[in-house]
Amino acid sequence: MKKRRVICPAGRRRSIGLCVAFLFAGLAASCSGGGAGNFGKDCQEDIVFDNVLESDCAPPCWRGVVPGATTKDEAIKLLGHEAEVDFSSAWAISWGRCCAEHWTARQAQLQLDPADGVVTSITLGDPARGYTLGDAVRDYGPPSSVQRSFFGPDSNLGQIYLVYPEKGVALATGLVPVTSDPWQQRSAKERVYEWSYFAPRGSGGMVTESGIIFGCGTSSDCLSDWAGFGK
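In this text, all values refer to a predicted model and were calculated from it rather than measured experimentally.

Undergrad: Kindly report on the layout of surface pockets, identifying the contributing residues and their values.
TA: The probe, sized like a water molecule, is rolled over the atoms to show the empty space still left. Its boundaries defined by the atoms lining it, the second largest pocket holds a volume of some 160 Å³. Lining the second largest pocket we find L53, P59, R129, Y131, D139, Y140, V169, W195 and Y197. Put simply, the parts of the chain that give the lining of the second largest pocket at least two residues each are helix 3 (133–140) and strand 11 (192–198). Grouping the amino acids of the lining of the second largest pocket by side-chain chemistry returns seven nonpolar, no polar and two charged.

As structure tokens, this is what we get:
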């Protein structure tokens, strides 16, 4: 796949969901090639994977990488690019940066099990895709649950996730208000900014692993049954 670099011009302010998510998870270096996030007028894009969501296998598999089965070395070989290590940790590797006008986010990030180096989750960022929550429900069906994360303890902003535990898939919005009730009934037009894949499991309970859902721990206030779309 051809690798290219472009500089994105300054433009309209946009939600910073994926970068905030990594920052909240303690992976801020993943957002700007070593800094704590790029919130300047310009952002630098480093495309490693063209059409990052394209894959020859169905989620939660991505380009041959299967959460719960594929090792770090196998993943690097399958993907054909040497990975970067985040925060000098052997347990989070990533590729590329994608640009969303005032921030940058990793194109792909894999969390690894410290015990054996097996991939536990895959997070893909494509904020410019134009994919919506309505598109997600059309393609995947109604989610088993809706979860939210918070930007900070005093913030009303965070991310909303449609979670499909039995499919090993969670899809997240950008940074949006998450405290107004009913917080779980979102507009079908809200944009999806990140796709997380993980080993499928039963449909009950929360998904809380690092690299999938960020910023809420196990609080029941962050989990809701699917109740359809709001306005």
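What follows continues from the structure just given.
Undergrad: How would you explain the state of the cysteines if you had to name every residue and give the values?
TA: Throughout the structure, instances matching the rule amount to one disulfide. In this model, C57 is linked to C61 through a disulfide, with the two sulfur atoms separated by 1.9 Å. With the S-S bond torsion at -80°, the cross-link from C57 to C61 turns out left-handed. Given a relative accessible area of 22%, C57 falls into the partly exposed group. Residue C61 is classed as buried on the basis of its relative accessible area, which comes to 12%.

Undergrad: So, the pattern of salt bridges: which residues are in play, and what are the values?
TA: By the definition in use, this model includes five salt bridges. Residue R129 pairs with D126 through a salt bridge whose shortest N-O separation is 3.3 Å. Residue D139 is joined to R138 by a salt bridge in which the shortest nitrogen-to-oxygen separation is 2.8 Å. D139 sits in the partly exposed class, given a relative accessible area of 44%. Judged by its relative accessible area of 57%, R138 is exposed. The network of salt bridges with common partners includes D135, R138 and D139.

Calculation rules
- Residues numbered from 1 in each chain as written.
- Predicted model: local features only at pLDDT ≥ 70, side-chain atom pairs only at ≥ 80, totals over all residues.
- Heavy atoms only, no water.
- 1 Å grid on protein atoms, 1.4 Å probe; cavity = no way out; pocket = protein on both sides within 12 Å on 5 of 7 lines; lining within 4 Å.
- Points joined across faces, edges and corners; volume = space filled by probe spheres on them.
- Helix = DSSP H or I, 4+ residues; strand = E, 2+ residues; numbered from the N terminus.
- Nonpolar A, V, L, I, M, F, W, Y, C, P; charged D, E, K, R; others polar.
- Disulfide = S-S within 2.5 Å.
- Buried < 20%, exposed > 50% of the residue type's maximum accessible area, 1.4 Å probe, protein only.
- Salt bridge = Lys/Arg side-chain N within 4 Å of Asp/Glu carboxyl O.

Worth remembering: the numbers are spatial, not functional.
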